[in-house]
Amino acid sequence: MPNVRVKPDTLDEENARFAQAPLRQPVFLNIVPKSGSHLLRNILRMFVPVEQQYQHDFIQWANLQQHRAAFDPARPKLSWGHLFLADASVIETAVARRVLLYRDPYDWVIARARFFLSEQFLGNVDHLKSDAVSADELLTMMIFGLPGKAPSLNDIYEMNAAAWLGARVHPVKFEDLVRHLRDLGGDESGRFFAELLDACGIDRPDDWRERVAIGSDREQSGTARENLTGIALELPQALGPRHRALVDYQAPGLRALLGYE
């Protein structure tokens, strides 16, 4: 698996400022890579005792058997990762409350490209940071993948998102999460976070807005867009018509299934 370098956060210390109720059941945050992993994780860390946060690693198929303790019902933990649906992943997480976070595939293409170009990402695709690769070419590679090096958009979304919609999950769109963060005082935002916390088996405390604001502070996320460094290639703010068509060709019906059409 690639190496991701991020600066440490201070959320464990922030967590101690609040009265924390213990988890009664394991909770697993399953997130499509580059869809707000640190954002959702950091928000929910503010509602769970630090000793019940499974901070050893992002749980994925390759390391699932090493981290089965995250799902021990006798010792409930909040854990997170990028886990595709398969027999072992369903069985190991069966006792946990599952939250599924994903983002619009059109925006995901740019987010993935930006991350691959950053100094925070070290893997087998570092050669893509060469000036021999144009922005259009890089975005195309993010859609179709690189044989033996990086899976395609459809491969990732098929098993990390679409397949889980046929299982027991509480689905969350990244765009909805961001929209409600911008209006924490609104009634709609209150309902959104009440449902999210309820899906995790967490009673919403009166100070939930302050906790969410601290957890969502972008300075606490080493992979937030503005905290990525070393990006020399200029990428578009939004995916253009040609690359949107390529996404639709490579993963037909995906955006509609996820609720974007």
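Scroll up to find the structure this text is about.
In this text the structure is predicted, and so the values were computed from the model without any measurement.

Scoring rules and cut-offs
Residues numbered from 1 in each chain as written. Predicted model: local features only at pLDDT ≥ 70, side-chain atom pairs only at ≥ 80, totals over all residues. Heavy atoms only, no water. Helix = DSSP H or I, 4+ residues; strand = E, 2+ residues; numbered from the N terminus. Buried < 20%, exposed > 50% of the residue type's maximum accessible area, 1.4 Å probe, protein only. Contact = heavy atoms within 4.5 Å. Areas by Shrake-Rupley, 256 points an atom, 1.4 Å probe, with all protein chains shown as cover. Pairing = 2+ DSSP bridges. Axes fitted to C-alpha atoms, helices over the stretch in contact; angles between N-to-C directions. Core = buried A, V, L, I, M, F, W, Y, C linked by side-chain atoms within 4.5 Å. Polar contact = N/O pair within 3.5 Å; in protein donor to acceptor, adjacent residues only side chain to side chain. Salt bridge = Lys/Arg side-chain N within 4 Å of Asp/Glu carboxyl O. Arc of directions from axis to C-beta. Phe/Tyr/Trp six-rings, centres within 6.5 Å; stacked < 30°, edge-to-face > 60°. Lys NZ or Arg CZ within 6 Å of the ring centre and 35° of its normal. Parallel < 35°, antiparallel > 145°, perpendicular 65-115°, else oblique. Nonpolar A, V, L, I, M, F, W, Y, C, P; charged D, E, K, R; others polar.

> Looking at this structure, how should I read the overall build of the protein?
Of regular secondary structure, the protein possesses 11 helices and 7 strands. Counting over 261 residues, the protein shows a buried share of 51%. Within the protein, residue pairs in contact and separated by at least 24 positions form 79% of the contacts whose partners lie at least 6 positions apart. Accessible area for the protein stands at about 12,300 Å²; split by element, carbon and sulfur atoms hold 51% of it.

> Is there a simple way to think about the sheet that holds strand β4 (residues 78-82) in this case?
Two pairing modes exist for strands in a sheet, parallel and antiparallel, and in both the strands are linked by backbone hydrogen bonds. A sheet is described by the order of its strands in space; here 5 strands give the open sequence β3-β4-β2-β5-β7, paired in parallel fashion. Of all the strands in the sheet, just β3 (59-60) and β7 (170-173) have a single pairing partner and so form its edges. One ladder, built from 4 bridges, connects strand β5 (residues 97-102) with β7; its direction is parallel. Its bridge partner lying in β7, Tyr 102 is registered against Lys 173. The sheet contacts of helix α7 (residues 174-181) involve β5 and β7, and relative to β7 the element is tilted by about 70°.

> Any chance you could explain the nonpolar core here in plain terms?
Residues Leu 29, Leu 40, Leu 177 and Phe 193 are the most contacted members of the largest nonpolar core, which totals 33 residues. Where this core is concerned, the elements lending two or more residues are β2 (27-31), α2 (37-45), β4, β5, α7, α8 (187-199) and α9 (208-215). Setting aside chain neighbours within four positions, we find Leu 29 in contact with Leu 40, Arg 41, Leu 44, Leu 78, Ser 79, Trp 80, Gly 81 and Val 99. Ranked by size, the runner-up nonpolar core spans 31 residues in total, among them Ala 113, Leu 128, Leu 139 and Ala 150.

> Looking at this structure, how should I read the side chain of Ser 118?
Locating Ser 118 in the fold gives a position in the loop between α4 (105-117) and β6 (121-122). Here Phe 115 takes part through its backbone oxygen, which lies 2.8 Å from a polar atom of the side chain of Ser 118.

> Help me understand the pattern of salt bridges in this model?
In a structure, side chains of opposite charge can pair up when their charged atoms sit close to one another. In the structure shown here, the tally under the stated rule is 13 salt bridges. The partner of Glu 14 in a salt bridge is Arg 17, with the nearest N and O atoms 2.7 Å apart. Of the charged contacts, one joins Asp 72 and Arg 75 as a salt bridge, the two residues approaching to 3.2 Å between their closest N and O atoms. The structure contains a network of salt bridges with shared partners spanning Asp 9, Asp 12, Arg 41 and Arg 45.

> It is not clear to me how α7 should be interpreted in this structure. Could you clarify?
Helical geometry: 3.6 residues make up each α-helical turn, so side chains three or four residues apart lie on a common side. Within α7, the full set of buried residues consists of Phe 174, Leu 177, Val 178, His 180 and Leu 181. Seen from one end, α7 has its buried residues packed into an arc of 165°, which puts them on one side. Lining the buried residues of α7 we find α2, β5, β7, α8 and α9.

> Is there a simple way to think about the packing of aromatic side chains in this case?
Each aromatic ring pair is summarised here by two numbers: the centre-to-centre distance and the angle between the ring planes. Throughout the structure, instances matching the rule amount to 7 aromatic pairs. Consider the rings of Tyr 102 and Tyr 260, whose centres lie 6.3 Å apart with planes at 75°: the pair is edge-to-face. In this pair, Tyr 102 sits in strand β5 while Tyr 260 sits in the segment after α11 (254-258), placing the two residues 158 residues apart along the sequence. For the pair formed by Tyr 102 and Tyr 260, the shared burial category is buried. Between Trp 108 and Tyr 157, the ring centres sit 5.5 Å apart and the planes meet at 85°, which makes this aromatic pair edge-to-face. Residue Trp 108 is located in helix α4, and its partner Tyr 157 is located in helix α6 (residues 153-162); the two are separated by 49 residues in the primary sequence. Judged on exposure class, the residue Trp 108 and its partner Tyr 157 are both buried. Above the ring of Phe 115, the side-chain terminus of Lys 34 is found at 4.0 Å from the ring centroid. Looking at Arg 255, its charged tip hangs above the ring of Tyr 106, at a distance of 3.8 Å from the centre.

> How do you make sense of unusual backbone geometry when you look at a structure like this?
Most peptide bonds take the trans form, and the phi angle of most residues other than glycine is negative. The backbone of Lys 34 shows a phi angle near 65°, a positive value even though the residue is not glycine. You can see Lys 34 is positioned in the loop between β2 and α2.

> Quick question: what am I supposed to make of the packing of α4 against helix α10 (residues 241-250) here?
The geometry of a pair of packed helices is captured by two quantities: the angle between their axes and the separation between those axes. Orientation of α4 relative to α10, taken along the N-to-C sense of each, is 110°, at an axis distance of 10 Å. Compared by their axis directions, α4 and α10 come out roughly perpendicular. Here Pro 105, Tyr 106 and Val 109 of α4 come into contact with α10, specifically with Arg 244, Val 247 and Asp 248. In the contact of α4 with α10, the residues fall into 4 nonpolar, no polar and 2 charged.

> When you look at the pairing of β2 in this model, what are you seeing that I'm missing?
Within β2, 5 of the 5 residues are buried, which leaves the element mostly enclosed by the surrounding structure. The alternating pattern of β2 places Val 27, Leu 29 and Ile 31 and Phe 28 and Asn 30 on opposite faces, both of which are buried. As defined by bridge partners, β2 adjoins β4 across 4 bridges and the pair is classed as parallel. Of the residues in β4, the one forming a bridge with Asn 30 is Gly 81. Looking at chain direction, β2 and β5 are connected through 5 bridges and run parallel. Among the inter-strand pairings, Ile 31 is bridged to a residue of β5, identified as Leu 101.

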